[in-house]
Amino acid sequence: MTNNTPHIIKNDPWYGSYASRAEDMRASEIRALFAVASRPEVVSLAGGMPYLDFLPFDELSELVAKMLREEGSHAWQYGSAQGNAHLRERILDIVRLEHITDAQADDVVITNGSQNGLDLITRLMCDPGDVIIAEDPNYVGALGVFKSFQAEVINAHMDADGLIPESFEESIKYAIAQGKRVKFLYTVPTFHNPAGVTMSIERRTRILEIARKYHVLVVEDNPYGLLSFDNKTYPALRSMDPDNVVYLSSFSKIIAPGMRVAWMIAPPGIRQKLVLANESSILSPSNMSQMTISTYLDNFDWKKQIEEYRGMYKSRCETMDQALRTYMPYCSWNKPQGGFYIWLKIPEGLDAKAMLPRAITARVAYVSGTAFYDTGEGADHMRLSFCYPTEERIVEGIRRLSTVVDEELATAQLFGTTSTSTIPVIKPEN
Ligand SMILES: Cc1ncc(COP(=O)(O)O)c(C=O)c1O
């Protein structure tokens, strides 16, 4: 269920023709889950989909229709590889909220989602075997990109205050001692996916110092930074060290992922190459999508909208936190201050990956911690998303999950092992 299905590979007439970099490509555990987890009877605590119902769809549709009537020849046309100048200007207003005040529109490159940005920066920086230091656990989509460029990921540890500077430095030293080239640190410093934690301000300073000391670029992936629960925004690493940081952020979580519009801010040399890489990869990001996003930004109070989202996600997070205290008090987790996820540590001896089919049978889905590692680690954790389901569904989802975990615990205590059923059979809702 979690990897490529073997029969498809066996029947593939091109099986022997793929490049070596395609060998390790497989559906992420999250993608593989999507089909089952998205059935309405399953409470999905698995995906990272934003809740979009607050968007003013009717008014927005009218404004987009007007934009297409008036500027259709531009919207339907190829665009610039760097992205539309007007949108890049508007992005400067957004990043100012995270203390990035010195950037110019020319420093910004528009991408097809941050996922595309991660692909571009890895393509630019990494030859096969080059090292990327990444947090442990790690955003699964980034792991897929790094693997596709045959980069080696060396993990650095986190705690409740985010990436631990000493661990970061140790990882650099370890790589250097192996004769490897460390190309960049990949970090999600604010409201981490999946760990939910945020890098403290003191650590931000220290991490940047270490990166400078070893001439290691910092790739700051920040799609959740504006979604804090206490109206606090953290200074982006980019705001603290413009020459050494490539910053990525996205409209996916603050407006809508369907537009596939995101951006990078990079020092001039890297920015120039990013534009060339974008051009050779996609020619140009979609004008239509960019102009739709600009229409939204130009006509609506996007700051107020973000505040509304903050309130909603905060309330969902609190509901999940409370439900966990009620139903699964024997687990542990850090209550996030923003973002979409709780990273739940389950009792020792239980295996989140093996338990997943049983959870789906009980009509609740999560992502096993193993999805966020390349090494098979992580079975002692699960990622629970509170972004999409309503509060009522969150409580019900946690209740269902607790019945599965309780049963697994009872089995483990009785036989010293957990159940290993693999075929999810979904019970009808009653
Ligand atoms: C940490 C992180 N980076 C990047 C992305 C990809 O975002 P986008 O929709 O902009 O491609 C996600 C999506 O969930 C994410 O969580």
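Residues numbered from 1 in each chain as written. Predicted model: local features only at pLDDT ≥ 70, side-chain atom pairs only at ≥ 80, totals over all residues.

In the nomenclature of an unreviewed UniProt entry, the chain is known as PLP-dependent aminotransferase family protein of Alloscardovia theropitheci. Looking at the chain in UniProt, the text filed under Cofactor (unreviewed entry) is "pyridoxal 5'-phosphate". (UniProt positions renumbered as here; feature names shortened; annotations may be inferred.)

Draft legend 1. Examining the pairing of strand β3 (residues 131-136) more closely. Of all six residues in β3, six are buried; the element is thus mostly enclosed. Of the strand pairs in this sheet, β3 and strand β4 (residues 152-159) are connected by six bridges, and their pairing is parallel. Residue pairing across strands places Asp-136 opposite His-157, the latter belonging to β4. For the crossover that starts at β3, traverses helix α6 (residues 140-148) and ends in the parallel β4, the hand is right-handed. The sheet contact formed by β3 and strand β6 (residues 182-187) spans four bridges and is parallel. By the bridge assignment for β6, Ile-133 is matched with Leu-185. (Buried ≥ 20, exposed ≤ 12 C-beta atoms within 10 Å, placed from the backbone. Helix = DSSP H or I, 4+ residues; strand = E, 2+ residues; numbered from the N terminus. Pairing = 2+ DSSP bridges. Right-handed = clockwise from strand over helix to strand, strands pointing away.)

Draft legend 2. Highlighting the sheet that holds strand β12 (residues 367-368). What the three strands build is an open sheet, ordered β10-β13-β12; its pairing is antiparallel. A strand with exactly one partner marks an edge of an open sheet, and here the two such strands are β10 (341-345) and β12. Sheet topology places β12 next to strand β13 (residues 381-385); two bridges connect them, and they run antiparallel. Looking across to β13, one finds that Ser-368 is bridged to Met-382.

Draft legend 3. The arrangement of the domain arrangement of the chain in detail. Looking at the assigned domains, one finds that the chain contains domain 1 (20-54 + 304-414) and domain 2 (75-299). For domain 1 and domain 2, the distance between their C-alpha centroids amounts to 25 Å. In terms of residue count, helix α12 (residues 302-327) provides more of the side of domain 1 that touches domain 2 than any other element does, six residues in total. Looking at the side of domain 1 that touches domain 2 residue by residue, the class counts come to 16 nonpolar, eight polar and six charged. (Domains from an automatic or database assignment. Nonpolar A, V, L, I, M, F, W, Y, C, P; charged D, E, K, R; others polar.)

Draft legend 4. Main features of the confidence of the model for the chain. Overall, the prediction assigns the chain a mean pLDDT of 92, with 92% of residues at 70 or greater. In the predicted structure, residues 1-7 sits below a pLDDT of 50 and forms eight contacts with residues beyond four places in sequence or in another chain. In the model, residues 419-430 has pLDDT below 50 throughout and makes 23 contacts with residues more than four positions away in sequence or in other chains. (pLDDT = per-residue confidence, 0-100. Contact = placed C-beta atoms within 7 Å.)

Draft legend 5. The arrangement of α12 in detail. The first and last C-alpha atoms of α12 sit 37 Å apart over 26 residues, in line with the 38 Å expected at 1.5 Å per residue. The complete set of buried residues in α12 reads Tyr-309, Tyr-313, Arg-316, Cys-317, Met-320, Ala-323 and Leu-324. In this structure, the buried side of α12 is in contact with β10, β13 and α14 (391-415). (Expected span 1.5 Å × (residues − 1).)

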